[in-house]
Structure formats: structure tokens, C-alpha cells
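Each chain, written out:
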Amino acid sequence: MEKVEKYINEAMSWLNSKMNAQNKLSLTQDPVVKVSEIVAKSKELDNFCNPIIYKPKPKVEVAEDNAKANSEHNGQMDGQSGTETKPDTTKDSSQHTKSSGEMEVD
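As annotated in an unreviewed UniProt entry, the protein is Heat shock 70 kDa protein 4L from Myotis davidii. Regarding the protein, the UniProt comment filed under Sequence similarities (unreviewed entry) reads as follows: "Belongs to the heat shock protein 70 family."

Draft legend 1. Expanded view of the overall build of the protein. A count of helical and extended segments in the protein gives four helices and zero strands. Its helices and strands in sequence order give the protein the pattern α-α-α-α, from N to C terminus. Each of the 106 residues in the protein was classed as buried or not, and the buried ones make up 4%. Summing over all exposed atoms, the protein offers an accessible surface of approximately 10,300 Å²; the carbon and sulfur share of this is 53%.

Draft legend 2. Layout of the packing of aromatic side chains. For the structure shown, the criterion picks out one aromatic pair. For the pair Tyr7 and Phe48, a centre-to-centre distance of 4.2 Å together with 25 degrees between the ring planes defines the contact as stacked. One end of the pair, Tyr7, is in helix 1 (residues 2–24); the other, Phe48, is in helix 2 (residues 35–53), with 41 residues separating them in the sequence. One Lys or Arg, Lys41, reaches over the ring of Trp14 and ends 5.3 Å from the middle of that ring.

The rules behind the values
- Residues numbered from 1 in each chain as written.
- Predicted model: local features only at pLDDT ≥ 70, side-chain atom pairs only at ≥ 80, totals over all residues.
- Heavy atoms only, no water.
- UniProt positions renumbered as here; feature names shortened; annotations may be inferred.
- Helix = DSSP H or I, 4+ residues; strand = E, 2+ residues; numbered from the N terminus.
- Buried < 20%, exposed > 50% of the residue type's maximum accessible area, 1.4 Å probe, protein only.
- Areas by Shrake-Rupley, 256 points an atom, 1.4 Å probe, with all protein chains shown as cover.
- Phe/Tyr/Trp six-rings, centres within 6.5 Å; stacked < 30°, edge-to-face > 60°.
- Lys NZ or Arg CZ within 6 Å of the ring centre and 35° of its normal.

Written out as C-alpha cells, the structure reads:
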């Protein structure tokens, strides 16, 4: 990733120097940089950076061990009771029973 950052910084400094030189010219003079040069630099940047950026991360074997440990324990954890609390749906049910076709505004 450090290589990518360095390459991007070089490309940005190239573009900034070209833009500064272009700003010093009058509108009737030939441009310092042409679109084809910018497109070529962009493709060069993509060809360099994309293989590094989109390289898959290496697999971590420690996560698999943790998954096995979690799947083996299906019972209650320490401090948990066997009863689950149900959410209070009485407030929401009153809103759902109205079928007048109009929305309620708070």
C-alpha cells in the first residue's frame, strides 16, 4: 500500500504541475497537457494500483479455531437465564389496526 500511496502522490504532483502551468497560459495558447496524456496517466495509475489494491487478503486460520469453539457451545452462557423477554408489542399493534387509509402524523 505504501507503493500505491507513493505512486498516487507522484501522479497528483504531475497533474498539479500541469494544471499550474496551464493556468499561467492565456486561453488562446496551446494547452500544456492534452486529454490523451491525462487518460494515459490515469490508465498507467490504474494498471499499477489495481493489482495491489484488489489483491485478496491472506486467510487467517485463528478465526476458524474461534468458530469451532463457538459452535461447540450451544448451551447457556454464564450469567444468562433460560427465559427470554418478548418485546412489548401492545403500542405498535394499536397503530397497525387502524385501516382508515391515512397516515398518522406525530
